[in-house]
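Report on the structure
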Amino acid sequence: MTKTTTDREQRAAAAEQGAAEDAAERLTTAPADSDGPTGIGVLGWLRWMWRQLTSMRVALILLFLLSLAAIPGSLIPQNGQNQFKVETWKAQHTTVAPIYEKLQLFDVYSSVWFSAIYILLFVSLAGCIVPRTWQFVGVLRSRPPAAPRNLTRMPVYAAWRTDADAAAVNAAAHRLLRGRRFRAHLDGGAVAAEKGYLREVGNLVFHLSLFALLGGFAWASLASGTGGKLLVEGEGYSNTITQLDDFTGTRFYGTDDLDPFYVKLNTFTSKFQNNGSQIGSAREFTANVDYYEGDDPAKLKHGKIEVNHPLEIGGSKFFLIGHGYAPVITVRNAAGDVVYTGATPFLPQDGNLTSTGVIKVSDYGEKDGRKTQLGLSGFFLPTAPVAFDKNTGPRSLFPGDADPALVLNAYAGDLGTDSGLPQNIYQLNTKNLTQLQRDGEPAKARLKPGQAWSLPDGYGSVTFEGYRQWASFNVSHRPGNGIALTGAVLAIAGLIGSLFIQRRRIWVRAVALPDGGTLVELAGLGRSESAKIAEELAALAVDLQDDAPALDDESGEPAESGGSAESGGPTGSAGPGGAPDGTAPGPRTTEADEAPAPAESAVPAAQNSKE
């Protein structure tokens, strides 16, 4: 007996403890510990993952990640924009360059990780836009919500009594609301109206524009290509892979897809500030070109290319991205024969266009019975100083060609051009070359235009004939740019609409009272915090007075629906059945803003409540 009693007491105690724990779990506000949905199967997990991906929170996170992922592309030179800058950057940062290559930081916008982010964002936006669009279409096809039973509970409310027929008042309210561009519907003795649907349209346009923006970027990354070309004044080229300096294609745009055209650089104009605190600053860069599309020279046209003002030829744009000087040099061998002549581009090294370059004379001929090649390296200075600084070496004082000079060193031997291996035309490999000497010192010369330099040991002469300017161009074919730009503009327009367009609802109900007359009730509800629904409802009440004038009380004063907190009027509230004193029921009065009633009419004030 004792043992049975003890068991009962233990079971009862356990039951009480379990009930207490259940009650504690029901009362607590802490989230339940869970690693995720359990016991829902593969389909449930997929549904849960899809809902997470298409949620607004994940879309914002992906958009933030996309903006962060684009930062390296603006800080690190990209292969698709300027291959030369990429190679220069790699030469200056030999330690981190291999790491950056593995991370695809020189091709950010076509990298795997960048593509994964915007593809996920693309899918997230699609999963968000499609159901919202169908939902919005359903709302447009449906009628505005019917009037609530008790309009006095709405945030904004007004009412008065009139002798006009209830059906006529409702019809007049329906007409006035339609005139104010409300979607209005008259049914069941009340008018329901709604306005501001463009707010949701703006929201959808914003999301659709982001969708188009991402689509434009995706199309550009798959069907675009860029090439580079450096032209000296007087030179031209055909847009083929053999004449481009470099080319970067994509999956759907290769060397066979290049737009056919011909471009010739006639003249290049560069102007710089020559006085004041901004001396040396660029003021004008203009490339004057002749071009024609296809293979018909008879359709030759003239064009002008400036910074940020490209020339569009076919489906490609011709951008001006750089300029410099190209000394015109003539080299004669020991026999006096011209073995090299032409303009050789020198590359700027600083803001004053101190430029370095090399001249490779592969066809020099023989010297002392042996095949010999010459190599010249040096500096072109647009504005040379009187004397060079021993620490800094040759440096230009001004980017304009005020006092040009050419400084050269000479090498003889094997340039390596006959090996068949590719070489950088702007670098001189001195491994198999010997620098020419004069009086036991490296031979060098400083030349003005028109001057000649006699090389030591009978190697001939070098004449500095003059100089021309060169310009470098980026040839870009990006078909998705127009879509991306349109998407960006529409996204801004949609965002403005979703922020500033106010969505609101208004109900008007006119009902016949048992003791005669008609009770007119107006109520409004703003769907956004900035909606000026009180002022709009007051204006509607003023216009409705023409068809439903308010009755006067026994003292001859207009019978109002109630006073305001500021005027000290009555503050009672009643339902549509009427107030005990026989006047129209008054709205509740609160501390919220009120729209004052017209001074010469019996229109009550439309008031806000804090419910």
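Look up: the structure comes first, before these words.
Anyway, here's the lowdown on the structure attached to this text. (Residues numbered from 1 in each chain as written. Predicted model: local features only at pLDDT ≥ 70, side-chain atom pairs only at ≥ 80, totals over all residues. Heavy atoms only, no water.)

Our focus in this paragraph is a nonpolar patch on the surface. On the surface, a nonpolar cluster with roughly 590 Å² of combined accessible area is contributed by Ile40, Val42, Trp45, Leu46, Trp48 and Met49. Turning to its location among the elements, valine 42 is positioned in helix H2 (residues 41-53). (Patch = residues over 30% accessible without salt bridge, like charges linked within 9 Å, V, L, I, M, F, W, Y side chains within 5 Å. Areas by Shrake-Rupley, 256 points an atom, 1.4 Å probe, with all protein chains shown as cover. Salt bridge = Lys/Arg side-chain N within 4 Å of Asp/Glu carboxyl O. Helix = DSSP H or I, 4+ residues; strand = E, 2+ residues; numbered from the N terminus.)

When charged atoms on two side chains of opposite charge get close, those side chains can pair. Under the criterion given, the structure shown has twelve salt bridges. Between aspartate 547 and arginine 175 there is a salt bridge whose closest N-O contact spans 3.4 Å. Of this pair, aspartate 547 sits in the loop between helix H11 (533-544) and strand S25 (594-595) while arginine 175 sits in helix H8 (residues 166-179), placing them 372 residues apart in sequence. Judged by relative accessible area, arginine 175 falls into the partly exposed class, the value being 46%. For the salt bridge of arginine 505 with glutamate 194, the shortest nitrogen-to-oxygen distance reads 2.9 Å. On the criterion of sequence distance, the pair formed by arginine 505 in strand S23 (residues 504-512) and glutamate 194 in strand S3 (residues 190-195) is long-range, its members being 311 residues apart. Residue classification places glutamate 194 among the buried residues on the basis of a relative accessible area of 2%. Here the residues in one salt-bridge network are Glu194, Arg503 and Arg505, joined through shared partners. (Buried < 20%, exposed > 50% of the residue type's maximum accessible area, 1.4 Å probe, protein only.)

A separate point is unusual backbone geometry. In this structure, glutamine 104 is a non-glycine residue whose phi angle is positive, near 60°. Along the polypeptide, glutamine 104 turns up in the loop between helix H6 (97-102) and helix H7 (112-141). Owing to a relative accessible area of 28%, glutamine 104 belongs among the partly exposed residues under this scheme. Although it is not a glycine, asparagine 308 sits at a positive phi angle of roughly 65°. Its place among the elements puts asparagine 308 in the loop between strand S9 (301-306) and strand S10 (311-313).

Looking now at the side chain of serine 316. Relative to the helices and strands, serine 316 resides in strand S11 (residues 316-332). Side chain to side chain, serine 316 and aspartate 259 meet in a polar contact 2.4 Å long. When neighbours within four sequence positions are excluded, serine 316 is seen to be in contact with Tyr253, Asp259, Phe261, Leu311, Val475, Ser476 and His477. (Polar contact = N/O pair within 3.5 Å; in protein donor to acceptor, adjacent residues only side chain to side chain. Contact = heavy atoms within 4.5 Å.)

The element strand S1 (residues 156-162) is largely enclosed, with a buried count of seven among its seven residues. Of the two faces of S1, both are covered, the one formed by Val156, Ala158, Trp160 and Thr162 as well as the one formed by Tyr157, Ala159 and Arg161. Judged from the seven bridges that link them, S1 and strand S24 (residues 518-526) form a sheet pairing that is antiparallel. The residue of S24 that forms the bridge with tyrosine 157 is alanine 523. (Pairing = 2+ DSSP bridges.)

Below, the discussion takes up H8. Look at H8: 20 Å from first C-alpha to last across 14 residues, which is about the 20 Å you get at 1.5 Å a residue. Those residues of H8 hidden inside the fold are in contact with strand S2 (183-187), S3, S23, S24 and H11. The N-cap of H8, judged by a side-chain oxygen 3.1 Å from the amide nitrogen of alanine 167 a few residues on, is aspartate 165. Arginine 181 sits one or two residues past H8 and shows a positive phi near 65°. (Expected span 1.5 Å × (residues − 1).)

Within this structure, the stated rule accounts for 22 aromatic pairs. Between the aromatic rings of tyrosine 364 and tyrosine 459, the centroid separation amounts to 6.3 Å while the plane-to-plane angle is 40°, which identifies the pairing as tilted. Of this pair, tyrosine 364 sits in strand S14 (residues 355-367) while tyrosine 459 sits in the loop between strand S21 (452-454) and strand S22 (461-477), placing them 95 residues apart in sequence. Like tyrosine 459, tyrosine 364 is buried. Put simply, the rings of Tyr109, Trp113, Phe114 and Tyr118 touch in pairs and so form one group of aromatic residues. Across from the ring centre of phenylalanine 106, 5.0 Å away, lies the NZ or CZ of lysine 90, which sits over that ring. Lying over the aromatic face of tyrosine 459, lysine 367 brings its terminal NZ or CZ to 4.8 Å of the ring centre. (Phe/Tyr/Trp six-rings, centres within 6.5 Å; stacked < 30°, edge-to-face > 60°. Lys NZ or Arg CZ within 6 Å of the ring centre and 35° of its normal.)

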